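Survey of secondary and tertiary structure
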Amino acid sequence: FLQPIVTLPQRKVRSYQASARLRTAEGQVLLAEDYRPLADDAGLTPALDSEIIDRCIQIVRRLTARNRDVSLVCEVSGAALADAAFAAELLASLEASRAVAGSLVLGFSQQGMRNLSALDAETLRLLSEKGFRFAMDGVRDLRIEPRDLADKGIRLIKVPAALMVGRAADTGAAVHVADLSGLFARYGIDLV
């Protein structure tokens, strides 16, 4: 499923968020939070993420054929990145699709970004050098160092509205939430 991400107040579509859903044999649609734990337990997360990335690459090619100024955020599990075989396959797959580097944004959760291993960080560094960008989603607190994120290649951060309207002491923010957008912008990170 694709959800538009728009600029305000113009409401111009800037990006799309790709959300993978699985359908059961009975036709029930499963959200990521429903199937991710099952995929993790069965060791299927790397294969699932590989399929999702391949599909996102196809979608990006179609989107950019019509409009060069749009990107697609594709969520990837931090657990999949820790798989050496998946990391090697990801690098090879994205190297072959380097033409979409400026339009494909790989999204990771805040927890996943905090738990990066040395291999994970190296994989992200290599992808960043090839022009790929990253997003951080699943933000649960605002104890965030923008310089750290920018150094890891994060160019988009999605913060839930509940954190944006909360008091700084409750969210863990070192700055007032009204100043977050400007703070992130100084490091080349867009706030969603």
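These remarks concern the structure in this document. On a predicted model such as this, the values are computed, not experimentally measured, just so you know.

Thresholds applied
- Residues numbered from 1 in each chain as written.
- Predicted model: local features only at pLDDT ≥ 70, side-chain atom pairs only at ≥ 80, totals over all residues.
- Heavy atoms only, no water.
- Pairing = 2+ DSSP bridges.
- Helix = DSSP H or I, 4+ residues; strand = E, 2+ residues; numbered from the N terminus.
- Phe/Tyr/Trp six-rings, centres within 6.5 Å; stacked < 30°, edge-to-face > 60°.
- Buried < 20%, exposed > 50% of the residue type's maximum accessible area, 1.4 Å probe, protein only.
- Arc of directions from axis to C-beta.
- Contact = heavy atoms within 4.5 Å.
- 1 Å grid on protein atoms, 1.4 Å probe; cavity = no way out; pocket = protein on both sides within 12 Å on 5 of 7 lines; lining within 4 Å.
- Points joined across faces, edges and corners; volume = space filled by probe spheres on them.
- Nonpolar A, V, L, I, M, F, W, Y, C, P; charged D, E, K, R; others polar.

With respect to the sheet that holds strand 6 (residues 104-109)
Taken together, seven strands build an open sheet; the order of strands is 1-2-5-6-7-8-9 and the sheet is mixed. The outermost strands of the open sheet, each flanked by one partner alone, are strand 1 (2-6) and strand 9 (190-191). With two bridges connecting them, strand 8 (residues 154-157) and strand 9 associate as parallel partners. Considered in strand 9, the bridge of isoleucine 157 is made with leucine 191.

Considering the packing of aromatic side chains
Applying the stated criterion across every chain yields a total of one aromatic pair. On the basis of an interplanar angle of 55 degrees and a centroid distance of 6.0 Å, the ring pair of phenylalanine 108 and phenylalanine 134 is categorised as tilted. Of the two residues, phenylalanine 108 sits in strand 6 while phenylalanine 134 sits in strand 7 (residues 133-137), which places them 26 residues apart along the sequence. Accessibility assignment for this pair places phenylalanine 108 and phenylalanine 134 in one class, buried.

Focus on helix 1 (residues 32-42)
It helps to recall that an α-helix has 3.6 residues per turn; residues three or four apart then point in one direction. Looking at helix 1, one finds that the buried residues are Tyr35, Arg36 and Ala39. Each buried residue of helix 1 sits inside an arc of 115 degrees when the element is viewed along its axis, so together they form one side. Along helix 1, exposed side chains directed more than 90 degrees from the buried face belong to Glu33, Leu38 and Asp41. Check the buried side of helix 1 and you find it contacts strand 3 (22-23), strand 4 (29-30), helix 2 (45-66) and strand 5 (71-75). Of the residues flanking the end of helix 1, it is glycine 43, one or two places downstream, whose phi is positive at about 75 degrees.

Focus on the layout of surface pockets
If a probe the size of a water molecule is rolled over the atoms, the empty space left behind becomes visible. Here the largest pocket defines a volume of roughly 840 Å³. Around the largest pocket, the lining comprises 30 residues; the ones closest to its centre are Ala32, Arg36, Glu75, Val76 and Ser109. Broken down by element, the residue count for the lining of the largest pocket peaks at six residues, all from helix 1. When the residues that make up the lining of the largest pocket are grouped by side-chain class, the tally is twelve nonpolar, eleven polar and seven charged. A volume near 500 Å³ is recorded for the second largest pocket.

As far as function goes, none of this settles anything; it's purely spatial.
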